[in-house]
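Spelled out from the first residue to the last, the chains are:
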Amino acid sequence: ISESSISYGEFVRICAEECGEEDRGMEVAKAMDESGNVIVFGGVVLLSPEQVAKSMQSLISRFIPAPNDPRREELQQMEDRKAAIDEKARAGVRAELYCGLGLTTVQTLGFMRLTFWELSWDVMEPICFFVASLHFVAAYAFFLRTSREPSFEGFFRRRFETKRRKLFEAHNFDVRRYDELRALFGPKTFGNISPMGH
């Protein structure tokens, strides 16, 4: 038979022809199914069980990796590259935050100098009010743009993600492939970031 599958009725007919007794065709068909020589699947008989086994093995190996799967090594290399990129992005954001701390300190010291030595509180009060209002407007604009709470951690996360995305592009890091491998081999840790690097 050249086909890989036939109907169950046709299979029983062929079995009856081969054994020479029409009544024994059903018995022979059942015996062949139980022995594994064919696979009866509903009203269809699969004549090449080894082909089915190969197909199943191929499907299983795609979704359940073997311990020595070479993609594990690829994932490990990508994990190492990603860790280096994350650290570089984290360091860049920390540098920005330290610059922000420096600018805020200089602004505060400047306002103190102007308030107590150069000018008076009567002059500096409205200036301080408007500068504080501008800080609030900047925080509100950050919230509108990112839909995140305008906090130091929110700012860190936003800047980290932006820097990391740019570094991924600069280093030709394939995020889609990384996500595929992480889905295949284990839980995804891509989004786990914190200001402390844990």
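It should be noted that the structure appears before, not after, this text.
For every chain, the first residue of its written sequence is number 1, and the numbers climb from 1 along that sequence. Note on the predicted model: pLDDT of at least 70 is required for a residue's local features to be given, and 80 or more for side-chain atom pairs to be given and counted; whole-chain, interface and lining totals, by contrast, use all residues. The side-chain values count all of the structure's non-hydrogen atoms but skip hydrogen atoms and water molecules.

**A short note on the packing of helix α1 (residues 8-19) against helix α2 (residues 25-35)**
Following both chains from N to C, one finds α1 and α2 inclined at 110°, their axes separated by 8 Å at the closest point. With respect to α2, the element α1 is oriented roughly perpendicular. The chirality of how α1 crosses α2 is right-handed. Contacts between α1 and α2 involve Y8, F11, V12, C15, A16 and C19 from the first element and G25, M26, V28, A29 and M32 from the second. Convention adopted: a line fitted to C-alpha atoms gives each axis, helices being fitted over their contacting stretch, and angles between N-to-C directions are expressed from 0 to 180 degrees. The helix count covers DSSP runs of H or I at least four residues long, the strand count covers runs of E at least two residues long, and both are numbered beginning at the N terminus. Here the angle decides the label: under 35 degrees means roughly parallel, over 145 means roughly antiparallel, 65 to 115 means roughly perpendicular, and every other value means oblique. Definitions for this section: a left-handed crossing has its near helix turned counterclockwise from the far helix by less than a right angle. A right-handed crossing has that turn clockwise. Note on contacts: a residue pair is in contact if any heavy atoms of the two residues lie within 4.5 Å.

**Description of the pattern of salt bridges**
When a carboxyl oxygen of Asp or Glu lies within 4 Å of a side-chain nitrogen of Lys or Arg, that pair is called a salt bridge. Tallied over the entire structure, the rule returns 13 salt bridges. Residue E180 pairs with R177 through a salt bridge whose shortest N-O separation is 3.4 Å. Of this pair, E180 and R177 are both found in helix α7 (residues 175-185), three residues apart, which corresponds to roughly one turn of the helix. We call a residue buried when its accessible area falls under 20% of the maximum for its residue type, exposed when it is over 50%, and partly exposed in between, using a 1.4 Å probe and counting protein chains only. Overall, the relative accessible area of 43% leaves E180 in the partly exposed class. Via salt bridges that share partners, E10, R13 and E17 belong to a single interconnected network.

**Comments concerning α1**
The length a helix should cover is 1.5 Å for every residue beyond the first. In a regular helix each residue adds 1.5 Å, so twelve residues correspond to 16 Å; α1 covers 17 Å between its end C-alpha atoms and thus fits that length. Those residues of α1 that sit buried are F11, V12, I14, C15 and A16. Buried residues along α1 sit in contact with β1 (5-7), α2 and β3 (44-46). Residue G20 follows α1 closely and has a positive phi angle near 85°.

**Considering α7**
Those residues of α7 lying buried are Y178, L181, R182, L184 and F185. Viewed end-on, α7 has its buried residues packed into an arc of 160°, placing them on one side of the element. Pointing more than 90 degrees away from the buried face of α7 are the exposed residues R176 and A183. What the arc covers is the set of directions going from the helix axis to the C-beta atoms.

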